[in-house]
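Tertiary structure, described
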Amino acid sequence: MQNKGLIKLFALLFGLVSIYQLSYTFITNKVEKEAALFAASRISESEDNYVSKREELEASYLDSIGNNPILGYTTYSEAKKKELNKGLDLKGGINVTLQISVKDILKGLANNTKNPVFNKALADADSASKSSDDTYIELFFEAFDKIKGDTKLASPDIFANKGLSDEINFQMSDDEVKPIIRRKIDESVVSAFEVLRERIDGFGVTQPNIQREGNSGRILVELPGARDIARAQDLLSSTAQLEFWETYKQSNPSFSTFLIQANEKLKEIVKVDKPEQVKEESELDSLLSDVSADSLEMASQVNPLYELLIPANPGTHAMFRAAIKDTATIGSYLRMPEIRRLLPADIQFTKFVWERPATEDTEVIDLYALKSNREGVPRISGDVVSDARADFDQFGKPAVSMTMNAKGAKEWEKLTGDAYNNQTGIAIVLDNKVYTAPGVSSGPISGGRSEITGNFTVNETKDISNVLRAGKLPASAEIIQSEIVGPSLGQEAIDSGFMSFAIAMCIVLLWMIFYYGKAGAFADIALLLNILLIFGVLTSLNAVLTLPGIAGIVLTIGMSVDANVLIFERIKEELAKGKGKSQAVADGFGNALSSILDANITTGLTAIILFIFGSGPIKGFATTLLIGIITSLFTAIFITRLLVDWYIDGKGRTLEFTTSITKGLFQNLDIDFLVKRKIAYVLSSILVVVGIISLFFGPGLQQGVDFIGGRSYTVRFEKAVNPSEIASELNTVFGSGTNVKTFGEANQIKITTPYKVDVEGIEVDTEIQDKLYNTLQKYLPDGLSKEEFTVGSSDKSIGILQSVKVGPTIADDIKNNAFLAILGSLAVVFLYILFRFRRWQFSLGAVVAVFHDVMIVLGVFSILGKIMPFNMEIDQAFIAAILTVIGYSLNDTVVVFDRIREIIAERGWKGGDNINSAINSTLGRTLNTSLTTLVVLLAIFIFGGESLRGFMFAMIVGVVVGTYSSVFIATPVMYDALSKKITKDRASN
């Protein structure tokens, strides 16, 4: 081998750089363990909320030593930025996909026009978006074109308005307006992206990730390590719509008149059941009893509004009070057109807004009546705020202080002056909730300084000031997909993932020595270097390590072994021809190179497709697989060669590529595989047909929430539970369609429900968690609170460990991407093999074999889906497994085809005899590699954790079937497609 010195230098530098990069991870792990021990020594488990107190103390400890030098070249703060990124499934946290509402942006650009054509086009686009992959803006343009008649996009009451007058005029055609609107929408999405990025920077998690997803208006946000999930969700979905309104006085008689008339009108519209008497008296009951004794003496009647509204406390600027549980009903009443028409002329534009609940235990909140106008525009908007920061009020309670720009200061002085003169309050409204509504006691306030007070925590004031500084989102942002992983589940994933990794490594290392002796030990050294390089490259690229990523690394071990097996088997063949050791080694490496490259390139192509179409952890799998392919090629071809050459160049040293036990295995085989192809065709046809029948007429595939939408929750209990019993109870609560199955141990279940799958918003997530907590409470330990039950609340092992939410729109996108990924991989494979082997018959054989393998894996999952004691849902991980099976099957097939091409080039076809000879010569490598890979996959299947079992089972079935198909399907199909050529060749010999 030429340039050995350069390769040695490169390997040394590559290794040292990898160790250097990984040193940051070791440093942060060491310091964080010390911080955890420090916190544990200071705060006893007997203290209330000891987990959160320890977390705060750990954070404080790490802040205090963050800039202290470590080993003379870094600090903890610096090392934290350069450590190996761990994904959500290993670290816990939240991953969400936000959909920026293009509809809201369009309405804003059109100044909330009442134009019927415009609004009908929006409604049609809403309907079309549920079943179309096109972007919302294109669906809107398409709907508008169908119904526009003489109406133009450049109409004065649509886009040719004052706000867009610099770019759009009345004379412009629709085709001229469309690109301007597309650009404006893209600018708004970019603005939303920047606003979210600024908010996330202030949230306080390390290594957050935020990225746009093409032109879809979607933004992916990952917050690994985030513990306060509710806070993170509020931060991401809040539009930060800050408004300042003047309130009406409680004594305004017009509201009494309105209330009486509205109550009477509602008696005609709605049916209200008389509430039952409540025995236990809480704060809410006490208030309601006061109302019942009111001088109106209406308690004995059925009164839709009087039953629900409570007089506001005197001295406040609220108009009424109500129980939180009744706010939705009251709101729906007050929004009814027939009720709004009853408002007297002096208050006809009143805006009713609820108070923000002070705590989770709050039962009653205030309802404010705000002075509005025909357009519903506030006196002052949040865009006048130039700065905001977390502060403390005059009583030492957390508050948010704000500074306004010159325009805002002027408006603020006028607003506070009006409030002072009218003896009214100023409601500070953020995202349609009143945070505070103080009065003005000393005249107009100049200077533009204001303050938001309330029952805040320090974190809440930080978040509010953070979103105000970052600015408001240009449109609402709905969470259409989310994955939340509790920290305890993340730690379990790390433990199980690395256990499977260690076991697989040990098995492979021992097997190579057992089978190849000293040569196997050299391959092991190269393999260990390969693992070091993979982790080094991952860290250098700032890539994210996920649990499927660990599986990808373990699979890379099998592929690295495959390359060494190919090389050693070729060397053994060269030695059998009587060549000297040096020449045999040189020829063995040279002859194996083509097969190694072809096999790795085909697997790499499927990994690239997986990377393009996958998301989250699946991208992590593809990333490690791609890195592993490159490093495996380097270590197998160059490092193993260096070690083997070094050893055989030494005086008196001999190197055998076998051991006394394995010597002679799989040599001199003479099996006529082609004669047996008809039996194989019949067997495979039966398997495929049975699978198809099961898929279309039998149980079918169990589609996960990735493909059908919905929410799933992994819940753990102290003791074993009966999933059928829980399913029956939950179906009563959520309606039919809720599925419950054991997930791993008998005390752990996976709940999947389509309940309110079409409804977005954090409120629905909270509602479902409340229903789960209330329904499952009898199975939970006594005293377990809802907060402790909820995902991410602490390092616990009871309650919700993981939740996944997928909206129906994104579920369709995931399903379409999966379909495209499989079709794309088949097309790429066909073209690559056609390019390499120059005959379409080789491509046909490979694609038929891959199709055969995929159909059998799908059939197995369809037949055994409800029988196996682990999750076998079809999700993104399953698609990753299918694509990996495609890559692995091609790996085997390409090696066989490569040997066929080589032997045919030397000896001709000879009626297929030389095809049999080629298969026999590769059989040792095929079985050796397949068995090694199977052992690796079994190690992950057994020890890698419940979430990987279905994924690994698909790959185990795929490896077995792929090994079989490369010999009994791919090659025979190629042979039959070439039969005329082979027959002609036989006649000429």
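Reading guide: rules and limits
Residues numbered from 1 in each chain as written. Predicted model: local features only at pLDDT ≥ 70, side-chain atom pairs only at ≥ 80, totals over all residues. Heavy atoms only, no water. Pairing = 2+ DSSP bridges. Helix = DSSP H or I, 4+ residues; strand = E, 2+ residues; numbered from the N terminus. Contact = heavy atoms within 4.5 Å. Axes fitted to C-alpha atoms, helices over the stretch in contact; angles between N-to-C directions. Core = buried A, V, L, I, M, F, W, Y, C linked by side-chain atoms within 4.5 Å. Buried < 20%, exposed > 50% of the residue type's maximum accessible area, 1.4 Å probe, protein only. Parallel < 35°, antiparallel > 145°, perpendicular 65-115°, else oblique. Nonpolar A, V, L, I, M, F, W, Y, C, P; charged D, E, K, R; others polar. Salt bridge = Lys/Arg side-chain N within 4 Å of Asp/Glu carboxyl O.

Two orientations exist for strands paired in a sheet by backbone hydrogen bonds: parallel and antiparallel. Spatial ordering of the open sheet is given by S12-S7-S15-S16, a layout of four strands whose pairing is antiparallel. Two strands bound the open sheet, and with one partner strand each, they are strand S12 (380-381) and strand S16 (433-436). Summarising the sheet, strand S7 (residues 242-246) and S12 pair through two bridges and their orientation is antiparallel. Residue pairing for S12: Phe244 is matched across the bridge by Ile380. Across the sheet, helix H14 (residues 406-422) touches S7, S12 and strand S15 (426-430), and the angle it forms with S7 is around 30°.

With 139 residues, the main nonpolar core has Phe501, Phe568, Phe878, Phe951 and Met952 as its most contacted residues. When residues no more than four places from it in sequence are discounted, the contact partners of Phe951 are Ala551, Phe621, Ala877, Ala880 and Ala881. Judged by nonpolar contacts, the second largest core, of 49 residues, contains Phe118, Phe144, Ala160 and Ile219.

On to the packing of helix H29 (residues 913-943) against helix H30 (residues 949-977), then. Contact geometry for H29 and H30: axes closest at 9 Å, N-to-C directions at 175°. When the axes of H29 and H30 are compared, the pair comes out roughly antiparallel. Counted together, Ile915, Ile919, Thr926, Ser930, Thr933, Leu934, Leu937, Leu938, Ile940, Phe941 and Ile942 of H29 and Arg949, Met952, Phe953, Met955, Ile956, Val959, Val960, Thr963, Val967, Thr971, Met974 and Tyr975 of H30 form the full contact between these two elements. Grouping the constituent residues of the contact of H29 with H30 by class yields 17 nonpolar, five polar and one charged.

For the coordinates displayed, the defined rule picks out 37 salt bridges. The residue Glu573 makes a salt bridge to Arg570 at a minimum N-O spacing of 3.6 Å. Residue Glu573 and its partner Arg570 are located together in helix H18 (residues 547-576), separated by three residues, close to a single helical turn. Its salt-bridge partner being Arg901, residue Asp898 comes within 2.5 Å of it at the nearest N-O pair. Of this pair, Asp898 and Arg901 both sit in helix H28 (residues 876-907), three residues apart, roughly one helical turn. Looking at Asp898, the relative accessible area reads 4%, which means it is buried. You can call Arg901 partly exposed: its relative accessible area is 26%. What you see here is one network of salt bridges that share partners, running through Glu246, Lys371, Arg379, Lys414 and Asp418.

A few words now on the sheet that holds strand S6 (residues 218-224). Taking strand neighbours across the sheet as the criterion, the eight strands line up as S5-S6-S4-S18-S23-S20-S22-S21 in an open arrangement whose pairing is antiparallel. Edge strands, defined here as strands with exactly one partner in the open sheet, are strand S5 (209-213) and strand S21 (739-742). With direction set aside, neighbouring strand axes in the sheet form an average angle of 20°. With six bridges joining them, strand S20 (residues 710-716) and strand S22 (residues 748-753) adopt antiparallel strand pairing. Bridge pairing in S22 links Ser712 to Thr752. Lying over the sheet, helix H23 (residues 723-734) contacts S21 and S22, oriented at roughly 160° with respect to S21.

Take the environment of Gly807 next. Note on placement: Gly807 falls in the loop between strand S23 (799-806) and helix H26 (808-837). Gly807 sits in the buried class, given a relative accessible area of 4%. The spatial distance from the C-alpha of Gly807 to the C-alpha of Pro754 is 9.7 Å, given a sequence separation of 53 residues.

Next up on the list: unusual backbone geometry. In the Ramachandran plot, Asn112 falls in the positive-phi region, its phi being about 50° despite a non-glycine side chain. Inspection of the secondary structure assignment puts Asn112 in the loop between helix H5 (102-109) and helix H6 (116-129). The backbone of Gln423 shows a phi angle near 55°, a positive value even though the residue is not glycine. With respect to the secondary-structure elements, Gln423 resides in the loop between H14 and S15.

So, to be careful, I would describe these as geometric facts and stop short of saying anything about function.
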